[in-house]
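Okay, here's what each chain looks like letter by letter:
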Amino acid sequence: MRRIQQWAQDEGLNLLILCPNDFEDRYRRLGFAPEPEVLVWHPTGSIRQDYANSEHSTALRNLGDDDEDWERLAKWFANPHVREFYREDSDIQQVQAKFGPRTYTGSRVRPRVILHDGIPIGYAQFYPLTEEEVRAYQLPNTIRWGGFDLLIGDKTLWGRGIGKAVIRQLLDEIVALGLSHVAIDTADHNLRAIALYQKMGFEMERVLKRWELNQSNVLMIQELH
Ligand SMILES: CC(C)(COP(=O)(O)OP(=O)(O)OC[C@H]1O[C@@H](n2cnc3c(N)ncnc32)[C@H](O)[C@@H]1OP(=O)(O)O)[C@@H](O)C(=O)NCCC(=O)NCCS
């Protein structure tokens with residue numbers, strides 16, 4: 001933000017307008033203040049206006065053990081925007097082989113399809129961490145840890161608050177499994193996800209050096225109440 005503000009000054013701009021979902025102290029600290037006299041016009045289809053003015057629903061349903069869902073997953077996993085942060089084999093047979101067993105009763109990993117206004121738009125899963133995972137994260141093994149992953153398969157749907165709504169539901173599901181803490185890791189350059197997790201109450205625990213594909217991830221944790 002400071003860089004952007006510096007750039008605005010260098011360019012001689014008259015104002016910067018910020019439209020955060022929540023008006024937070026950190027923006028005030030950067031010198032932003034509410035401006036009652038601004039009039040705003042949004043062209044038709046503007047995302048913020050659509051979202052501010054209408055009701056949208058975000059829900060999770062069980063992943064189906066059927067071709068339609070395998071095709072959906074394969075398509076989302078193949079999306080280069082998603083692949084930058086969420087790597088899964090996008091070959092449909094591989095998808096079925098890996099995710100099929102997760103649809104069975106008793107699977108540790110609980111797979112879900114994200115529905116936005118009833119339409120499948122992404123994938124999420126939650127689970128108790130295994131002992132090996134807890135050890136790899138160097139977290140205390142006296143605590144019952146949960147974890148989750150999520151992706152929204154179409155980049156045009158990012159930044160509309162869907163991620164927040166999904167995480168709220170995932171945390172409820174994790175509490176329902178009887179787990180008291182959540183640990184998640186994400187690529188250190190996935191700034192959107194990191195900001196989102198912080199917003200949802202997670203705190204940075206540690207950098208996991210050369211964690212995946214020689215990249216570093218950040219480990220974030222939260223105690224659930
Ligand atoms: C990560 C992901 C699930 C987030 O979902 P989303 O619906 O885009 O997230 P939201 O709209 O709820 O974003 C919430 C917060 O993220 C932050 N954010 C949004 N856009 C951002 C950007 N371009 N840069 C940095 N932070 C950003 C903001 O803090 C935002 O809160 P605000 O709107 O109140 O300011 C989605 O972007 C995605 O599917 N990415 C690809 C897969 C992925 O990275 N998965 C996570 C791997 S661990």
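In what follows, the structure referred to is the one given above.
Residues numbered from 1 in each chain as written. Predicted model: local features only at pLDDT ≥ 70, side-chain atom pairs only at ≥ 80, totals over all residues. Heavy atoms only, no water.

**Q** Account for unusual backbone geometry, with residues named and values stated.
**A** Across residues other than glycine, the phi torsion is negative in most instances, and most of the peptide bonds are trans. Non-glycine residue Asp117 carries a positive phi angle of around 50°. Here Asp117 lies in the loop between strand 2 (110–116) and strand 3 (119–128). (Helix = DSSP H or I, 4+ residues; strand = E, 2+ residues; numbered from the N terminus.)

**Q** Describe the pattern of salt bridges, naming the residues involved and giving the relevant values.
**A** Applying the stated criterion across every chain yields a total of five salt bridges. The closest approach of N and O atoms between Lys98 and Glu88, which form a salt bridge, is 2.9 Å. Placement of Lys98 in helix 6 (residues 92–99) and of Glu88 in the loop between helix 5 (80–83) and helix 6 is noted, with a sequence separation of 10 residues between them. The partly exposed category is assigned to Lys98, whose relative accessible area is 39%. Residue classification places Glu88 among the buried positions, given a relative accessible area of 12%. Among the ionic pairs, Arg108 bridges to Glu133, the shortest N-O distance being 3.6 Å. Here Arg108 is found in the loop between helix 6 and strand 2, whereas its partner Glu133 is found in helix 7 (residues 131–136), with 25 residues between them in sequence. Salt bridges linked by common partners bring Arg61, Asp69 and Arg72 together as one network. (Salt bridge = Lys/Arg side-chain N within 4 Å of Asp/Glu carboxyl O. Buried < 20%, exposed > 50% of the residue type's maximum accessible area, 1.4 Å probe, protein only.)

**Q** Run through the site of the ligand, naming residues and quoting values.
**A** The full set close to the ligand counts 22 residues, and Ile152, Gly159, Gly161, Gly163 and Asn190 are the nearest of them. Between the ligand and Gly159, the relevant distance is 2.7 Å, taken from an oxygen atom to a main-chain nitrogen or oxygen of the residue. At 3.1 Å, a backbone N or O of Arg160 approaches an oxygen atom of the ligand. Here the ligand loses 85% of its free accessible area of 950 Å² to cover by the protein chains. Elements with a minimum of two residues in the shell around the ligand: strand 4 (145–152), helix 8 (162–176), strand 5 (181–187) and helix 9 (191–199). Among the elements that take part in the shell around the ligand, helix 9 stands out by supplying six residues, more than any other. Taken together, the residues of the shell around the ligand break down into 10 nonpolar, six polar and six charged. (Near = heavy atom within 4 Å. Polar contact = N/O pair within 3.5 Å; in protein donor to acceptor, adjacent residues only side chain to side chain. Areas by Shrake-Rupley, 256 points an atom, 1.4 Å probe, with all protein chains shown as cover. Nonpolar A, V, L, I, M, F, W, Y, C, P; charged D, E, K, R; others polar.)

**Q** I'd like a description of the sheet that holds strand 2, backed by residues and values.
**A** With mixed pairing, the seven strands of this open sheet are ordered in space as 1-2-3-4-5-7-6. In this open sheet, the two edge strands, each paired with only one partner strand, are strand 1 (58–62) and strand 6 (203–212). On average, each strand axis in the sheet is tilted by 30° relative to the strand beside it, whichever way the strands run. In this sheet, strand 4 lies alongside strand 3 in antiparallel orientation, the contact comprising seven bridges. Looking at the pairing, Gln125 lines up with Asp149 of strand 4. (Pairing = 2+ DSSP bridges. Axes fitted to C-alpha atoms, helices over the stretch in contact; angles between N-to-C directions.)

**Q** So, the packing of helix 8 against helix 9: which residues are in play, and what are the values?
**A** Between helix 8 and helix 9, the least distance of the axes is 10 Å, while the angle of their chain directions is 50°. As summarised for this structure, helix 8 and helix 9 are arranged oblique, according to the angle between their axes. Seen from above, helix 8 lies across helix 9 with right-handed handedness. Within the contact between the two elements, helix 8 uses Gly163, Lys164 and Ile167 and helix 9 uses Leu196, Tyr197 and Lys199. Each residue belonging to the contact of helix 8 with helix 9 can be placed in one class, and the counts come to three nonpolar, one polar and two charged. (Parallel < 35°, antiparallel > 145°, perpendicular 65-115°, else oblique. Left-handed = near helix turned anticlockwise from the far one by under 90°. Contact = heavy atoms within 4.5 Å.)

**Q** Mind laying out the pairing of strand 5, listing which residues take part and the relevant values?
**A** Taken across its seven residues, strand 5 has six buried, putting it largely inside the fold. Judged from the two bridges that link them, strand 4 and strand 5 form a sheet pairing that is parallel. Within strand 5, the residue paired with Gly146 across the bridge is Val182. Note on the crossover from strand 4 through helix 8 to strand 5: the handedness is right-handed. (Right-handed = clockwise from strand over helix to strand, strands pointing away.)

**Q** Requested: an account of helix 9, with residues and values cited.
**A** Of all the residues in helix 9, the buried ones are Ala193, Ile194, Leu196 and Tyr197. Summarising the axial view, the buried residues of helix 9 lie within an arc of 165°, below the 170-degree limit, and thus occupy one face. (Arc of directions from axis to C-beta.)

**Q** Requested: an account of the packing of aromatic side chains, with residues and values cited.
**A** Applying the stated criterion across every chain, the model contains eight aromatic pairs. With centroids separated by 6.2 Å and ring planes inclined at 10°, the aromatic side chains of Phe77 and Tyr86 adopt a geometry described as stacked. Given the relative accessible area of 0%, Phe77 is considered buried. By relative accessible area, Tyr86 is classed as buried at 13%. (Phe/Tyr/Trp six-rings, centres within 6.5 Å; stacked < 30°, edge-to-face > 60°.)

Keep in mind these values describe shape, not function.
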